[in-house]
Amino acid sequence: MRKNSLNHSLLFQGGILMLLFLLQFILPTYHHSSVSKIMLLASYAIGYNFLLGYTGLMSLGHAMFFSSGMYSMGLGIYYLELSPLNGVIFSASFSLMVSLIFGLFALRTSGVSFLIVTLMFGQTFYLSILYFNEFTFGHDGFSLAKYLGSFVIFGKEYLFSNPDIRYNFALLLLTSYLLITTFILLSPVGRILIAIRENESRTQLLGYNVFYYKLFALVLSGTFSGVAGAMHGLLFSYIGTTFAEIHHSISPLLWTLLGGAGTVIGPLFGTGIMYYLIDFISEITKNYLLVVGIVLILMIIWFPLGIMGSVRRKWLKWLP
Amino acid sequence: MSTWLNDNGPLLFLALLDGTVTAFVLALIALGLSLVFGVMRIVNVAHGELFMLGAVLSWFAFDLTNDPLWGFLTALVLAPVIVGSIAIFSDRFILRKISYHPESTIVATIGLLYVIQQLTLMFFGPEVRPVEAPFYFRIQFPWFGYSGYKLLVAGMSALCLSGVWLLMKRSKLGLYMRATQQDIEIAKTFGVPTQKIYASVFALGGGLAALAGVLVVPIRQADHLMGLEPLLLSFIVVIIGGLGSIRGTIVAAFIIGISDGIISVFYEPTLAKMLATLLVAMVLVLKPGGLYGEDQA
Amino acid sequence: MDHEEEKNASDVTRRSLLGTSAVLAGAGIVGSQLVDPVAKTAFAAGSDEPIRIGFQAHRTGIGTVYGKWYERTTNAAAKYINSIGGIAGRPVEIITEDDGTDPKRGADVVEKLATQHKVDFVYGTLFSHVVMGSAPRAGELKIPYFVVSEGYHVASGKLNRYVFQPCITDVRSQITAVSSWIFGNLGKNVTIIYPDYAFGYDHRDYASAAAAKSGGKIVAKIPIPMTEKSFTRYFIKIPQNTDVIYHVMVGPGVLTFVREMGEHFGSSHPKLFGFIDSLEGVNITSPGLGFLDGSYFWEAMPRYADGYDTIGSRFYRNAVGVNDSGASKSDPKDVSTYSHMFGCWETLFAIKEAVEQSGYKSKKDYGTLIETIEGFSFFNEGIAHPQGSKFFRGETHQGYGQQFVSQVKNGKLNVIHRTSISDGMYEPETDYRKQSL
């Protein structure tokens, strides 16, 4: 059964990733760039989903992880003159540290208290970016474009703003997140995480140290989000507080729930649909958020498990 | 010490005065959410928008009557009724359909938030509009002046808080509400009409949010984006206070109001907000169930 | 890439400002009597393919009120330009996309306008953080990006060679221009109250610099967070010896700010000098604003028609549908953002002038177009530039105009002082022309 579902899901995800890979050759310029962005944001949502979907902890503070990755990368490159690669490594370690420290405090709580603690830490982080504005460039943010050099692949020189680089780096990030998540979930660790979501006290009684597993999920989720933030900053060269605001914490929650919390691929669908929904409706009416609101309500009434969650229940039982 | 007091006495006095008023305003805004959260165990993310609706309706009343006092009185009566009806409608056609599932409710009420906010933008516009207070007087202290209406809002808040407290403790509805809060299944077997209780609690929560909007709008202004901040603040107040505890809500409102008042008088404001936010987080980390846990409604 | 020279690019030769501004002052007087000569161009026979201008609008989010007026002004300007023969004989088409006043969506909008709508230029952004978020994308896509933001981001050298702000004076220059008037006429001891973010820091820093020059003194600096709803606690920090309160507040809390200041001080209070940004889109006779009676405001373009009555400004006011008190003609309760939106009108004309003088035909002519604009040194007052003549610096991509000081009296704003362009000048800090195209 396990082997089988691993094969199934790898095949399924592989198909989607292959489709995304091929899409880049036919997409018109604008959609090419939109899909790059969707893949980056979906990676963020996948990180988010690792916490919500598999341990049941709902966070409203993930913008903190996203922006801690983004800012540590950007400020590292700006002040320490790190290379972009070292910038990303630096941001991964920084967001790992942030999520570890955060987790040690926040995981003393659960349920709505956890929600509020994440919200509060997120706001504190946002305010501290504003407070140390001389160092962080505050509300306006800053552009990295001038400080990123070019790099060489197979003897050819590229810029980070090159659309193909953007697309394939985003795809690479998405692919690695999907693979890592799938493997962890189908491993013993993943089973314990799901057991925690389903019944925390029983898992505890079985002798597992629930705290450490939750901490692991949180740190992985935070680091994923942070690296996604760093890649966003690197490929789209703007770093600003808008990525630390509460709205940017609510977004992955919506994408995840729309796509299906607790399904590995769901966040990708949720992000893509929401992105294009807003993009499309905002051309027709300036009240596009009204339509988004109605869609959310109808969706939650008719597809409470999200898109992939409903798909899994009806057709693809093996979906991770 | 005494010279410090001489220098900072007025500051401290203002911090306490302003902090107390802020606390009462916070408690008032959070009251509806506290009730809904306590009895129904759901988080109404659209709570801030219901507050905003109260404020906006108050502006319409002011605009139509063209008289601060009559506008205020009209809004005081009509806004809670209108918003309460919207709440009943949402309960019947949205929340009941998703069986009050906690996570689904969050998504559904985020949807509701967008709908209310955008409809307001369409009919009210993007402007920030002032509403005149029903009466105006200024209290002159030796060092500075203070708005009399603000003190009235604090008083009204105290009145609402005691009203709800009495309702919970002394009325049949309150008894049903407490029973539903403690265990909905048992309440059902004892013949409590839980479906009706849920609808009334949600309507009452909405009405209180609107009432808070009407009372508070003369000391702020009305605009379609004003709902987010009160939402976050009431969230914090309710959770810190402890699930469904009105006493907790009041105590938490005072801790937050006064600490915010004092910290922001003596520190740089952004730093003050950082410290206050962190303080709230740490209270929860140390007491995950809030100050007044479960059973003390 | 060229960030080395970006970091220390201040070795620019000093311009003779005195000379330039003398010429400009002359141009202002003469120009205001004339209808803009460019406006007489007839529809030339040629390509009837429209010039497509992408408008990045704040239709939602915190910038909505400004966004609404920016859109009205833009449409009015496009209509007028088309009625006089378009740009280089080609009709103008405005394609509008909402950015939600959010930098991350702003970058997407630039992308969408450039690559999907295939516009010739992107234009019209106001909020400075949206400009900061969008400008890198414009630079990557190599599409000229004209902002109407009054931020100091363009002239500071933070952006790139594709970004221009030709027709609205940046905040550093505005402050420099009016500060000396404040210290000279209102008092020496100034307390400055400003929003706790970049826009506010510009005020704090450049007002302090101006104080040092003109013998004034900033006795207290009071930052207020953008999200603040109650202000009483800040007023108690205003020192007793304050002669003037210099306030610049933005956001929804402004009216509360004024009312609570009134409650705090009562009838005896320091003089007040404010930036009209606080009250853009707000009726000066709103309840609670009575406290402002007798106080002073900076305006970029006088809201009340009698404040600056020239042929150009009258024509412009009429074309955008604003009455003599600065409100919408169709709804007198709908007050405009008069000190900012002229920038949209003027910028479209600047684009027109740039296209016509550079012989721009299609995207491959961007290089010539940019070099042509960098060669501009001023825009003449007239219908195309109703706010007044602009001095333009090619190295910083920034335009500079005159400023106004108005006093609130009898429920309206009355202009009492007009600065000259040279009052607001400072040493350029960058030279975009050194960047590659």
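**Describing the overall build of chain A**
Scanning chain A for helices and strands turns up 14 helices and four strands. For a compact globule of 320 residues, the expected C-alpha radius of gyration is about 20 Å, and chain A comes in at 19 Å, within 12% of that figure. Referenced to the eigenvectors of the C-alpha coordinate spread, the extents of chain A come out at roughly 55 × 45 × 45 Å. A burial count over chain A gives 61% of its 320 residues as buried. Contacts in chain A between residues at least 24 apart in sequence constitute 78% of all its contacts with a sequence separation of at least 6. If the 16 positive side-chain charges of chain A are averaged to one point and the 10 negative ones to another, these points end up 19 Å apart.

**Overview of the interface of chain A and chain C**
In this complex, chain A contributes 33 residues to the contact, which on the side of chain C involves 33 residues. Summed over both partners, the interface of chain A with chain C buries about 3100 Å², with 52% contributed by carbon and sulfur atoms. The largest share of the area that chain A buries against chain C comes from Tyr30(A), Asp140(A) and Lys146(A), three residues that together contribute 23% of it. In this assembly, chain A and chain C are joined by five salt bridges. A salt bridge links Glu140(C) to Arg166(A), with the shortest nitrogen-to-oxygen separation between them at 2.6 Å. If you look at where chain A meets chain C, you find 15 residue pairs in polar contact (both at pLDDT 80 or more). For the side of chain A that touches chain C, the secondary-structure elements that each account for two or more residues are α2 (29–55), α6 (133–136), β1 (142–143) and α12 (266–284) of chain A. Residue composition of the side of chain A that touches chain C, grouped by class: 13 nonpolar, twelve polar and eight charged.

**Quick look at the pairing of strand β7 (residues 217–224) of chain C**
Residues and elements named next belong to chain C. Here strand β6 (residues 189–195) runs beside β7; their pairing, made up of seven bridges, is parallel. Opposite Pro195, over in β7, you have Ile224 as the bridge partner. With respect to chirality, the unit in which β6 leads through helix α8 (residues 198–213) into the neighbouring parallel β7 is right-handed.

**Looking at the sheet that holds strand β14 (residues 404–409) of chain C**
Residues and elements named next belong to chain C. If you walk across this open sheet you meet the seven strands as β7-β6-β8-β9-β10-β14-β15, and the pairing is mixed. Since the sheet does not close on itself, it has two edges, and those belong to β7 and β15 (412–418), each with one partner. The mean angle between the axes of side-by-side strands here comes to 25°, regardless of whether they run parallel or antiparallel. Relative to strand β9 (residues 271–275), strand β8 (residues 244–247) is paired through four bridges, and the arrangement is parallel. In the strand pairing of β9, Val244 is matched with Lys271.

**Description of the interface of chain B and chain A**
Listed per partner, the contact involves 39 residues of chain B and 40 residues of chain A. Taking both partners together, chain B and chain A bury about 3500 Å²; carbon and sulfur atoms supply 84% of that area. Put simply, chain B and chain A have zero salt bridges between them. Our enumeration of links across chain B and chain A arrives at three residue pairs in polar contact (both at pLDDT 80 or more). Of all the elements in the fold, those that place two or more residues in the side of chain B that touches chain A are α3 (68–95), α4 (102–124), α9 (228–241) and α11 (269–286) of chain B. With 14 residues, α4(B) is the largest single contributor of residues to the side of chain B that touches chain A. Among the residues forming the side of chain B that touches chain A, the class breakdown is 30 nonpolar, five polar and four charged.

Analysis parameters
- Residues numbered from 1 in each chain as written.
- Chains lettered and ligands numbered in written order.
- Predicted model: local features only at pLDDT ≥ 70, side-chain atom pairs only at ≥ 80, totals over all residues.
- Heavy atoms only, no water.
- Helix = DSSP H or I, 4+ residues; strand = E, 2+ residues; numbered from the N terminus.
- Rg over C-alpha atoms; globule rule 2.2 N^0.38 Å.
- Buried < 20%, exposed > 50% of the residue type's maximum accessible area, 1.4 Å probe, protein only.
- Contact = heavy atoms within 4.5 Å.
- Lys, Arg positive; Asp, Glu negative; His and termini not counted.
- Charge placed at Lys NZ, Arg CZ, Asp CG, Glu CD.
- Buried area = accessible area lost by both parts, 1.4 Å probe.
- Salt bridge = Lys/Arg side-chain N within 4 Å of Asp/Glu carboxyl O.
- Polar contact = N/O pair within 3.5 Å; in protein donor to acceptor, adjacent residues only side chain to side chain.
- Nonpolar A, V, L, I, M, F, W, Y, C, P; charged D, E, K, R; others polar.
- Pairing = 2+ DSSP bridges.
- Right-handed = clockwise from strand over helix to strand, strands pointing away.
- Axes fitted to C-alpha atoms, helices over the stretch in contact; angles between N-to-C directions.

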